[in-house]
Each structure stands twice: as C-alpha cells, then as structure tokens.
Amino acid sequence: AVVVQGHRRKFPVQEFLALPKPIQDCARHLCVLLRLAVLIHRGRTPNTKPRPRLVVQGDSLNLSFPAGWLDAHPLTRTELEQEAQLLKTAGMTLEFG
C-alpha cells in the first residue's frame, strides 16, 4: 500500500520508515521504479516510448535515454527534473540524460 501511495507527488518518507526494516529499502526502490514507469509511460502510442537504461547504486539512480529522445520530449525532461528534486528530499539521487 505504501508503494502505491508514493507513486505520485511527494515521496512518503515517514511511511517507508514505518515499514519493517528488512523491507524498507526494497519498498522504496520499488516505489521509485513505479514513479519512473508512470512518468515515462505517458503516451498511448508505442513509438513514443523509449528504452531507457537504469543503473542503481544504493540510493543513486542513473537513467539513460536514447540519443535525442529527451530533446524531442521536453515535458518528460521537465517532469524528470521535478522527480529528481522530489527524490532528493527522500535522500535519493536521480540523474538522467
């Protein structure tokens, strides 16, 4: 329930801390993956969806898109910038390009 609650807007840091310790990190990472999937899967046509590459190291995420894709989709770039700020308040780093 916490993963779904956190899939939009402010990241619910306190709710994740209330989970049992063994599943906190896993739940946070699943929530971030869901947030990114929702953000990227905005269009309904298959040819607008990129094949990004995600590399995760602890609380740092690096999301790579095909060359030129973000330039052609400025709204997605703006939303990723906003998402990076929201995740920063949760102690996570999102870099993309």
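Below, the structure is looked at part by part.

Definitions and limits used
- Residues numbered from 1 in each chain as written.
- Predicted model: local features only at pLDDT ≥ 70, side-chain atom pairs only at ≥ 80, totals over all residues.
- Heavy atoms only, no water.
- Phe/Tyr/Trp six-rings, centres within 6.5 Å; stacked < 30°, edge-to-face > 60°.
- Buried < 20%, exposed > 50% of the residue type's maximum accessible area, 1.4 Å probe, protein only.
- Helix = DSSP H or I, 4+ residues; strand = E, 2+ residues; numbered from the N terminus.
- Pairing = 2+ DSSP bridges.
- Contact = heavy atoms within 4.5 Å.
- Salt bridge = Lys/Arg side-chain N within 4 Å of Asp/Glu carboxyl O.

1. Notes on the packing of aromatic side chains
Reasoning step 1: For the coordinates displayed, the defined rule picks out one aromatic pair.
Reasoning step 2: Aromatic pair Phe-65 and Trp-69: ring centres 5.3 Å apart, planes at 10°, arrangement stacked.
Reasoning step 3: Overall, the relative accessible area of 9% leaves Phe-65 in the buried class.

2. Points about the pairing of strand E2 (residues 60–64)
Reasoning step 1: The alternating pattern of E2 places Leu-61 and Leu-63 on a buried face and Ser-60, Asn-62 and Ser-64 on a face that is not buried.
Reasoning step 2: Of the pairings in the sheet, the one linking strand E1 (residues 53–57) to E2 comprises five bridges and is antiparallel in character. Looking across to E2, one finds that Leu-54 is bridged to Leu-63.
Reasoning step 3: With antiparallel pairing between neighbouring strands as the criterion, E1 and E2 make up a hairpin whose turn holds two residues, including Gly-58 at a positive phi of roughly 65°.
Reasoning step 4: Two elements, E2 and strand E3 (residues 93–96), share four bridges in a ladder whose sense is parallel. Looking at E3, one finds that Asn-62 is bridged to Glu-95.

3. Description of the side chain of Arg-28
Reasoning step 1: Along the polypeptide, Arg-28 turns up in helix H3 (residues 21–40).
Reasoning step 2: Taking the relative accessible area as the measure of exposure, Arg-28 reaches 13% and is therefore buried.
Reasoning step 3: In this view, Arg-28 contacts Phe-11, Phe-16, Asp-59, Ala-90 and Met-92; residues no more than four positions away in its chain are not counted.

4. Re the pattern of salt bridges
Reasoning step 1: Within this structure, the stated rule accounts for four salt bridges.
Reasoning step 2: Here Arg-28 and Asp-59 are joined by a salt bridge, their closest N and O atoms 2.7 Å apart. With a gap of 31 residues between them, Arg-28 in helix H3 and Asp-59 in the loop between E1 and E2 connect regions that are remote in the sequence.
Reasoning step 3: Looking at Asp-59, the relative accessible area reads 28%, which means it is partly exposed.
Reasoning step 4: In this structure, Arg-35 engages Glu-83 in a salt bridge whose closest nitrogen and oxygen atoms are separated by 2.5 Å. Of this pair, Arg-35 sits in helix H3 while Glu-83 sits in helix H5 (residues 74–89), and the two are 48 residues apart along the sequence.
Reasoning step 5: Salt bridges sharing partners connect three or more residues here, namely Asp-25, Arg-28 and Asp-59.

No statement about biological role is implied by the geometric values presented.
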